[in-house]
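Here is what each chain is made of, one letter per residue.
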Amino acid sequence: MSEPILDTLTTRAVSLIRGASAIVAMTGAGISTESGIPDYRGPGGVWETQAPPTIGDFLVNPETRREFWRRRLSDYPTLVAREPNSGHQALADLERRGTLLATVTQNIDGLHQKAGNSDRRVIELHGNAHQLRCVDCGAVFAAPEIQHRLEAGDPEPVCTACGGILRSGTVLFGDPMPKAALDLSIAAARACDVLLIVGSSLVVNPAARLPEIARRHGASLIVINRTPTPVDDVADVRIQGEAGPVLSNLVRGLDSGE
Ligand code: NAD
Ligand code: ZN
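Residues numbered from 1 in each chain as written. Chains lettered and ligands numbered in written order. Predicted model: local features only at pLDDT ≥ 70, side-chain atom pairs only at ≥ 80, totals over all residues. Heavy atoms only, no water.

1. Some details on the pairing of strand β4 (residues 127–134)
The criterion, for reference: Strand pairing is assigned whenever DSSP detects at least two bridges linking the two strands. Numbering of helices and strands starts at the N terminus; helices are DSSP runs of H or I of at least 4 residues and strands are runs of E of at least 2.
With four bridges connecting them, β4 and strand β6 (residues 166–170) associate as antiparallel partners. Paired with Gly 127 across the strands is Thr 170, a residue of β6. Relative to strand β5 (residues 140–142), β4 is paired through three bridges, and the arrangement is antiparallel. Counterpart to Gln 131 in the pairing with β5 is Ala 142. A loop of five residues connects β4 with β5, the two strands running antiparallel in sequence, and Gly 138 in this loop sits at a positive phi of about 80°.

2. A look at the site of ligand 1
Operational definition: To be near a molecule or strand, a residue needs just one of its heavy atoms within 4 Å of it. Whenever two N or O atoms come within 3.5 Å, that pair is a polar contact, provided that in protein one can donate a hydrogen and the other can accept it, and provided that, for residues adjacent in sequence, both atoms are side-chain atoms. With residues, only the protein chains shown are counted as cover, and all accessible areas are computed by Shrake-Rupley using a 1.4 Å probe. Any residue that is not Ala, Val, Leu, Ile, Met, Phe, Trp, Tyr, Cys, Pro, Asp, Glu, Lys or Arg is counted as polar, Gly included; the first ten are nonpolar and the last four charged.
The immediate surroundings of ligand 1 are formed by 25 residues, with Tyr 40, Arg 41, Gln 106, His 126 and Ser 201 found nearest. One of the backbone N or O atoms of Gly 30 is found 3.4 Å from a nitrogen atom in ligand 1. Bound to the protein, ligand 1 loses 94% of the 850 Å² it would expose on its own. Residues belonging to the shell around ligand 1 are distributed by class as follows: six nonpolar, 13 polar and six charged.

3. Topic: the sheet that holds strand β7 (residues 194–198)
To keep it simple, the criterion reads: All axes here are fitted lines through C-alpha atoms, helices being fitted over the stretch that makes contact, and every angle between N-to-C directions spans 0 to 180 degrees. Residue contacts are counted whenever heavy atoms from the two residues lie within 4.5 Å of one another.
Ordered in space as β3-β2-β1-β7-β8-β9, the six strands form an open sheet in which the pairing is parallel. This sheet does not close on itself; its edge strands, each paired only once, are β3 (122–124) and β9 (237–240). Neighbour-to-neighbour, the strand axes of the sheet open up by a mean angle of 15°, direction not taken into account. Bridge analysis of strand β1 (residues 23–27) against strand β2 (residues 100–105) gives five bridges, and the strand direction is parallel. When the sheet's bridge partners are listed, Val 24 is paired in β2 with Ala 102. On top of the sheet, helix α10 (residues 243–253) reaches β7, β8 (220–225) and β9; it is set at about 140° to β8, its chief contact.

4. Comments concerning the sheet that holds β6
Taken in spatial order, the three strands of this open sheet run β5-β4-β6, and their pairing is antiparallel. Where the open sheet ends on each side, the last strands, each with one partner, are β5 and β6. Averaged over all adjacent pairs, the angle separating strand axes in this sheet is 40°, with direction ignored. Strands in contact with helix α4 (residues 62–81) are β4 and β6; relative to β4, the strand with the most contacts, it is inclined by about 140°. Running at roughly 75° to β5, helix α7 (residues 143–151) makes contact with β4, β5 and β6 of the sheet.

Take a look at the structure:
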């Protein structure tokens, strides 16, 4: 394969990544739009079409739960069929090279793991859509098992261990952040020497705070996003563009002589 011709910004990002010994990637919905999963805030995003329920409403209102399960019955097969794109593949490649300490993600689609990032290095701030759990006893259920029950006509699957209400493994409005993931993400931001931010609008905490934590601890910031973000002014490199092509160019650039 011929060597990529790198533009100035990519060359600068490549040199930061080459010089780094502990890179942390931070990803938002933008890394998965090229896999066909819409972001929330963009045009046609879930924000406009179907806002998720609050946990309070979900727990007290049987109709909200039934609506949740109806949507899940129709939407989950589409989500599970989605494949990682070249952006996910580039981050998996970076992890194989040995310097990607962690990938902190706001996504719930599991595409980093599907691309080959190891489970223990992916920190999911908003949980994961491929698991469900009982609100009473905490038992965890794999999504395909629950999908079978929905397809067999069960309108509201309950916990087989205790009969309790099952809920999504993702963070709903009104839920606290998962503490373990939050602590790990802050530790990763403190430990890294490059924070590589991809496809996140950086407007919601804790993702919004991590760049500042990383910077205070001496890390450089690289931001790859389609639209402006609040940290663009302090980023060491800011590349406006599509996550897939930009990231794959960047990781390929690590092998080039430039
Ligand atoms: P967000 O705030 O992280 O915004 C996404 C950002 O990505 C936007 O700034 C957008 O301009 C940018 N973007 C979109 N496509 C891009 C591309 N191809 N290349 C580069 N940048 C691109 O996320 P959100 O959409 O407001 O979603 C809020 C929350 O909802 C997420 O944190 C997540 O928990 C959940 N969500 C998850 C998924 C998923 O798992 N794939 C999808 C939608 C929403
Ligand atoms: Zn239970």
